[in-house]
Amino acid sequence: MSSADYEAFWEGYWNDTTTYGPACRHRRRGVINRVAALPHATVLDLGCGDGSLLAEMSSRLKATLMGSDVSAKALAIARRNAPGVEFFQATLPGGTLPPGKTFDVVTLSEVLEHIEDDAAVLREVAPIARHVVISVPGGPADKVDKRYGHFRNYAGDLMARKLEASGFDVVKHERWGWPFYDLQQWLAFKPGVEGAATFSQGRYGFFRKLVARLFYLLYFFNLPGRGTQVFAVGRSRVFKAQS
(Lines give C-alpha, C1' and ligand atoms only; values in the text may rest on other atoms or scores of the structure.)
Protein backbone atom coordinates (compact mmCIF):
# COMPACT_ATOMS: atom_id res chain seq x y z
CA MET A 1 0.00 0.00 0.00
CA SER A 2 1.50 3.33 -1.06
CA SER A 3 1.50 6.42 1.16
CA ALA A 4 -1.23 7.92 -1.05
CA ASP A 5 -3.34 4.77 -0.71
CA TYR A 6 -2.85 4.80 3.05
CA GLU A 7 -4.07 8.39 3.29
CA ALA A 8 -7.11 7.55 1.15
CA PHE A 9 -7.72 4.51 3.35
CA TRP A 10 -8.79 6.77 6.22
CA GLU A 11 -11.35 8.60 4.10
CA GLY A 12 -13.65 5.56 4.27
CA TYR A 13 -15.21 3.82 7.26
CA TRP A 14 -12.19 1.99 8.62
CA ASN A 15 -12.83 3.50 12.04
CA ASP A 16 -16.04 1.42 12.19
CA THR A 17 -13.91 -1.69 11.76
CA THR A 18 -11.47 -0.75 14.51
CA THR A 19 -14.35 0.17 16.82
CA TYR A 20 -16.63 -2.82 16.25
CA GLY A 21 -14.57 -5.47 14.46
CA PRO A 22 -14.14 -8.53 16.71
CA ALA A 23 -10.50 -9.15 15.75
CA CYS A 24 -9.57 -5.50 16.35
CA ARG A 25 -11.25 -5.54 19.75
CA HIS A 26 -9.47 -8.71 20.81
CA ARG A 27 -6.11 -7.38 19.59
CA ARG A 28 -6.58 -4.26 21.71
CA ARG A 29 -7.47 -6.44 24.69
CA GLY A 30 -4.40 -8.60 24.11
CA VAL A 31 -2.02 -5.67 23.73
CA ILE A 32 -3.38 -3.73 26.71
CA ASN A 33 -3.29 -6.78 28.99
CA ARG A 34 0.38 -7.25 28.13
CA VAL A 35 1.17 -3.56 28.63
CA ALA A 36 -0.62 -3.63 31.99
CA ALA A 37 1.66 -6.46 33.16
CA LEU A 38 4.73 -4.24 32.64
CA PRO A 39 5.86 -0.95 34.21
CA HIS A 40 3.87 1.46 32.05
CA ALA A 41 4.06 5.03 33.34
CA THR A 42 4.87 6.20 29.80
CA VAL A 43 3.57 4.49 26.65
CA LEU A 44 4.11 5.33 22.98
CA ASP A 45 1.89 3.71 20.35
CA LEU A 46 3.78 3.71 17.05
CA GLY A 47 1.58 3.41 13.99
CA CYS A 48 -1.43 4.38 16.10
CA GLY A 49 -3.81 4.78 13.14
CA ASP A 50 -7.14 6.14 14.35
CA GLY A 51 -6.08 6.07 18.00
CA SER A 52 -8.52 3.34 19.04
CA LEU A 53 -5.88 1.45 21.03
CA LEU A 54 -4.81 4.62 22.84
CA ALA A 55 -8.43 5.58 23.55
CA GLU A 56 -8.95 2.23 25.26
CA MET A 57 -5.62 2.47 27.07
CA SER A 58 -6.61 5.86 28.48
CA SER A 59 -9.67 4.30 30.11
CA ARG A 60 -7.84 1.25 31.47
CA LEU A 61 -4.31 2.36 32.35
CA LYS A 62 -2.77 5.09 34.47
CA ALA A 63 -0.10 6.28 32.06
CA THR A 64 1.17 9.21 30.06
CA LEU A 65 0.27 8.26 26.50
CA MET A 66 1.65 9.35 23.14
CA GLY A 67 0.83 8.22 19.63
CA SER A 68 2.29 8.60 16.17
CA ASP A 69 1.38 7.69 12.63
CA VAL A 70 2.59 8.51 9.13
CA SER A 71 -0.91 9.61 8.05
CA ALA A 72 -2.15 13.11 8.82
CA LYS A 73 -5.73 11.96 8.21
CA ALA A 74 -5.37 9.08 10.65
CA LEU A 75 -3.95 11.44 13.26
CA ALA A 76 -6.88 13.83 12.82
CA ILE A 77 -9.24 10.93 13.63
CA ALA A 78 -7.00 9.81 16.49
CA ARG A 79 -7.13 13.24 18.12
CA ARG A 80 -10.94 13.03 18.14
CA ASN A 81 -10.94 9.46 19.48
CA ALA A 82 -8.33 10.07 22.20
CA PRO A 83 -8.44 13.78 23.08
CA GLY A 84 -6.17 13.50 26.12
CA VAL A 85 -3.27 11.97 24.18
CA GLU A 86 -0.33 13.78 22.55
CA PHE A 87 0.19 12.86 18.89
CA PHE A 88 2.91 13.50 16.35
CA GLN A 89 3.56 12.50 12.75
CA ALA A 90 6.41 10.08 12.13
CA THR A 91 7.76 7.86 9.39
CA LEU A 92 9.05 4.38 10.23
CA PRO A 93 11.87 3.74 9.89
CA GLY A 94 13.30 7.18 9.43
CA GLY A 95 14.69 8.75 12.58
CA THR A 96 11.57 10.86 13.17
CA LEU A 97 10.91 9.69 16.72
CA PRO A 98 10.89 12.52 19.32
CA PRO A 99 14.47 13.28 20.38
CA GLY A 100 15.34 12.97 24.04
CA LYS A 101 12.28 10.95 24.99
CA THR A 102 12.18 7.41 26.35
CA PHE A 103 9.23 5.20 27.24
CA ASP A 104 8.45 2.34 29.56
CA VAL A 105 6.55 0.65 26.73
CA VAL A 106 6.34 1.14 22.97
CA THR A 107 3.49 -0.66 21.25
CA LEU A 108 3.49 -1.74 17.60
CA SER A 109 0.07 -3.24 16.94
CA GLU A 110 -0.50 -4.50 13.39
CA VAL A 111 2.28 -2.23 12.13
CA LEU A 112 5.45 -4.18 11.35
CA GLU A 113 3.85 -6.30 8.62
CA HIS A 114 3.29 -3.05 6.66
CA ILE A 115 6.97 -2.06 6.74
CA GLU A 116 9.48 -3.60 4.36
CA ASP A 117 12.44 -3.15 6.71
CA ASP A 118 10.75 -4.14 9.96
CA ALA A 119 14.06 -4.93 11.64
CA ALA A 120 15.18 -1.31 11.13
CA VAL A 121 12.09 -0.15 13.05
CA LEU A 122 12.88 -2.49 15.93
CA ARG A 123 16.49 -1.27 16.02
CA GLU A 124 15.23 2.33 16.08
CA VAL A 125 12.86 1.58 18.95
CA ALA A 126 15.26 -0.46 21.11
CA PRO A 127 17.21 2.50 22.60
CA ILE A 128 14.05 4.41 23.63
CA ALA A 129 11.83 1.61 25.00
CA ARG A 130 12.29 -0.52 28.10
CA HIS A 131 9.79 -2.95 26.62
CA VAL A 132 8.03 -3.36 23.31
CA VAL A 133 4.60 -4.98 22.95
CA ILE A 134 3.78 -6.21 19.45
CA SER A 135 0.87 -7.77 17.61
CA VAL A 136 1.33 -9.08 14.07
CA PRO A 137 -0.38 -11.57 11.75
CA GLY A 138 1.21 -14.98 12.15
CA GLY A 139 -0.52 -16.90 9.39
CA PRO A 140 1.05 -18.94 6.63
CA ALA A 141 3.79 -17.25 4.64
CA ASP A 142 1.86 -17.86 1.41
CA LYS A 143 -1.27 -16.01 2.57
CA VAL A 144 0.07 -12.50 2.98
CA ASP A 145 -2.74 -9.93 2.85
CA LYS A 146 -1.22 -7.78 0.12
CA ARG A 147 -4.42 -5.81 -0.42
CA TYR A 148 -3.74 -4.06 2.87
CA GLY A 149 -0.07 -3.50 2.22
CA HIS A 150 1.38 -6.44 4.13
CA PHE A 151 4.91 -7.50 3.25
CA ARG A 152 4.86 -10.71 5.32
CA ASN A 153 3.20 -12.90 7.89
CA TYR A 154 5.18 -13.84 10.98
CA ALA A 155 4.98 -17.60 10.61
CA GLY A 156 6.70 -19.86 13.15
CA ASP A 157 9.03 -17.99 15.49
CA LEU A 158 9.93 -15.24 12.97
CA MET A 159 8.84 -12.42 15.28
CA ALA A 160 10.89 -13.78 18.17
CA ARG A 161 13.97 -14.13 15.97
CA LYS A 162 13.61 -10.57 14.68
CA LEU A 163 13.33 -9.23 18.23
CA GLU A 164 16.48 -11.09 19.32
CA ALA A 165 18.40 -9.82 16.31
CA SER A 166 17.31 -6.21 16.87
CA GLY A 167 18.37 -5.60 20.46
CA PHE A 168 15.59 -7.26 22.50
CA ASP A 169 15.30 -10.26 24.76
CA VAL A 170 12.06 -12.12 24.15
CA VAL A 171 9.84 -12.04 27.25
CA LYS A 172 6.80 -13.58 25.56
CA HIS A 173 5.94 -14.94 22.14
CA GLU A 174 2.35 -16.16 22.09
CA ARG A 175 -0.21 -17.26 19.55
CA TRP A 176 -3.96 -16.75 19.69
CA GLY A 177 -6.96 -17.39 17.47
CA TRP A 178 -7.62 -21.13 17.22
CA PRO A 179 -10.13 -22.33 16.28
CA PHE A 180 -12.76 -19.61 15.76
CA TYR A 181 -10.74 -16.59 14.63
CA ASP A 182 -8.59 -18.82 12.41
CA LEU A 183 -11.68 -20.44 10.90
CA GLN A 184 -13.24 -17.08 10.11
CA GLN A 185 -10.00 -15.91 8.50
CA TRP A 186 -9.71 -19.10 6.45
CA LEU A 187 -13.29 -18.85 5.21
CA ALA A 188 -12.85 -15.17 4.35
CA PHE A 189 -9.63 -15.55 2.38
CA LYS A 190 -10.77 -15.94 -1.21
CA PRO A 191 -8.55 -18.14 -3.40
CA GLY A 192 -6.88 -16.09 -6.08
CA VAL A 193 -7.58 -12.79 -4.33
CA GLU A 194 -4.79 -10.88 -2.60
CA GLY A 195 -6.70 -10.10 0.53
CA ALA A 196 -9.31 -11.31 2.96
CA ALA A 197 -12.95 -10.29 2.72
CA THR A 198 -13.44 -9.92 6.48
CA PHE A 199 -15.20 -7.38 8.70
CA SER A 200 -12.98 -4.74 7.17
CA GLN A 201 -14.97 -2.60 4.80
CA GLY A 202 -17.88 -0.22 4.91
CA ARG A 203 -20.08 1.20 7.61
CA TYR A 204 -21.40 -0.91 10.47
CA GLY A 205 -25.17 -0.84 10.77
CA PHE A 206 -27.26 -2.55 13.45
CA PHE A 207 -27.13 -6.05 11.96
CA ARG A 208 -23.41 -5.91 11.25
CA LYS A 209 -22.70 -4.68 14.78
CA LEU A 210 -24.75 -7.58 16.14
CA VAL A 211 -22.85 -10.17 14.07
CA ALA A 212 -19.53 -8.59 15.06
CA ARG A 213 -20.57 -8.74 18.72
CA LEU A 214 -21.41 -12.43 18.43
CA PHE A 215 -18.03 -13.17 16.84
CA TYR A 216 -16.33 -11.11 19.54
CA LEU A 217 -17.93 -13.29 22.23
CA LEU A 218 -17.14 -16.47 20.30
CA TYR A 219 -13.45 -15.52 20.12
CA PHE A 220 -13.22 -15.78 23.93
CA PHE A 221 -13.46 -19.55 23.43
CA ASN A 222 -10.27 -19.68 21.35
CA LEU A 223 -7.74 -21.99 22.95
CA PRO A 224 -4.57 -20.38 24.37
CA GLY A 225 -1.24 -20.84 22.66
CA ARG A 226 -2.52 -21.63 19.17
CA GLY A 227 -3.61 -19.56 16.19
CA THR A 228 -2.55 -17.16 13.48
CA GLN A 229 -2.39 -14.02 15.64
CA VAL A 230 0.98 -13.35 17.28
CA PHE A 231 1.59 -11.29 20.41
CA ALA A 232 5.16 -10.64 21.50
CA VAL A 233 6.84 -8.79 24.36
CA GLY A 234 10.49 -7.80 24.19
CA ARG A 235 12.83 -6.30 26.79
CA SER A 236 15.43 -3.96 25.31
CA ARG A 237 19.09 -4.79 25.83
CA VAL A 238 20.15 -1.31 24.68
CA PHE A 239 17.60 0.93 26.42
CA LYS A 240 19.05 4.29 27.45
CA ALA A 241 16.96 5.97 30.14
CA GLN A 242 16.58 9.73 29.85
CA SER A 243 18.84 11.47 32.31
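Our structure is the block above this text.
In this text, all values refer to a predicted model and were calculated from it rather than measured experimentally.

Colleague: An account of the pattern of salt bridges is requested, with residue identities and associated values reported.
Modeller: Counted under the stated rule, the structure contains 9 salt bridges. The salt bridge involving arginine 152 is made with aspartate 118; its shortest N-O contact spans 3.3 Å. With arginine 152 in the loop between strand S5 (129-137) and helix H7 (158-165) and aspartate 118 in helix H6 (residues 118-125), the pair connects residues that are 34 residues apart, well separated along the chain. A single burial state applies to arginine 152 and to aspartate 118, both of which are buried. One network of salt bridges, with partners in common, ties together Asp118, Arg152 and Lys162.

Colleague: Give a description of the pairing of strand S1 (residues 42-46) that names residues and reports values.
Modeller: Summarising burial for S1: 4 of the 5 residues are buried, a large majority. Where S1 and strand S2 (residues 64-69) come together, 5 bridges link them in parallel fashion. Note on S2: the bridge partner recorded for threonine 42 is threonine 64. Read as a crossover between parallel neighbours, the route from S1 over helix H4 (residues 52-60) to S2 is right-handed. Both S1 and strand S4 (residues 103-109) contribute to a ladder of 3 bridges, which runs parallel. Bridge assignment links aspartate 45 to a residue of S4, and that residue is threonine 107.

Colleague: Outline helix H5 (residues 72-81), supporting the account with residue identities and numerical values.
Modeller: In an α-helix there are 3.6 residues to a turn, and that puts residues three or four apart on one side. Within the sequence span of H5, burial applies to Ala74, Leu75, Ile77 and Ala78. For H5, the buried positions fall inside an angular range of 160° around the axis, keeping them on one side. Structurally, the start of H5 carries an N-cap: the backbone nitrogen of lysine 73 is 3.3 Å from a side-chain oxygen of serine 71.

Colleague: Any details on the side chain of glutamate 124? Residues and values, ideally.
Modeller: Within the secondary structure layout, glutamate 124 lies in helix H6. For the buried glutamate 124, which has no salt bridge, the nearest side chain bearing the opposite charge is arginine 123, at an N-O separation of 8.4 Å. Apart from residues lying up to four places away in sequence, glutamate 124 is in contact with Leu92, Pro93, Gly94, Gly95, Thr96 and Leu97.

Colleague: Go over the nonpolar core, please, and point to the residues and values.
Modeller: Counting residues in each nonpolar core, the largest one holds 29 residues, and the members touching the most others are Leu108, Leu112, Ile134 and Met159. For this core, the elements supplying multiple residues, two or more each, are S1, S4, H6, S5, H7 and strand S7 (229-236). The dominant element in this core, judged by the number of residues it contributes, is S5, at 4 residues. Counting residues in hydrophobic clusters, the runner-up holds 24 residues, among them Leu38, Leu65, Leu75 and Ala78.

How each quantity is defined
Residues numbered from 1 in each chain as written. Predicted model: local features only at pLDDT ≥ 70, side-chain atom pairs only at ≥ 80, totals over all residues. Heavy atoms only, no water. Salt bridge = Lys/Arg side-chain N within 4 Å of Asp/Glu carboxyl O. Helix = DSSP H or I, 4+ residues; strand = E, 2+ residues; numbered from the N terminus. Buried < 20%, exposed > 50% of the residue type's maximum accessible area, 1.4 Å probe, protein only. Pairing = 2+ DSSP bridges. Right-handed = clockwise from strand over helix to strand, strands pointing away. Arc of directions from axis to C-beta. Polar contact = N/O pair within 3.5 Å; in protein donor to acceptor, adjacent residues only side chain to side chain. Lys, Arg positive; Asp, Glu negative; His and termini not counted. Contact = heavy atoms within 4.5 Å. Core = buried A, V, L, I, M, F, W, Y, C linked by side-chain atoms within 4.5 Å.

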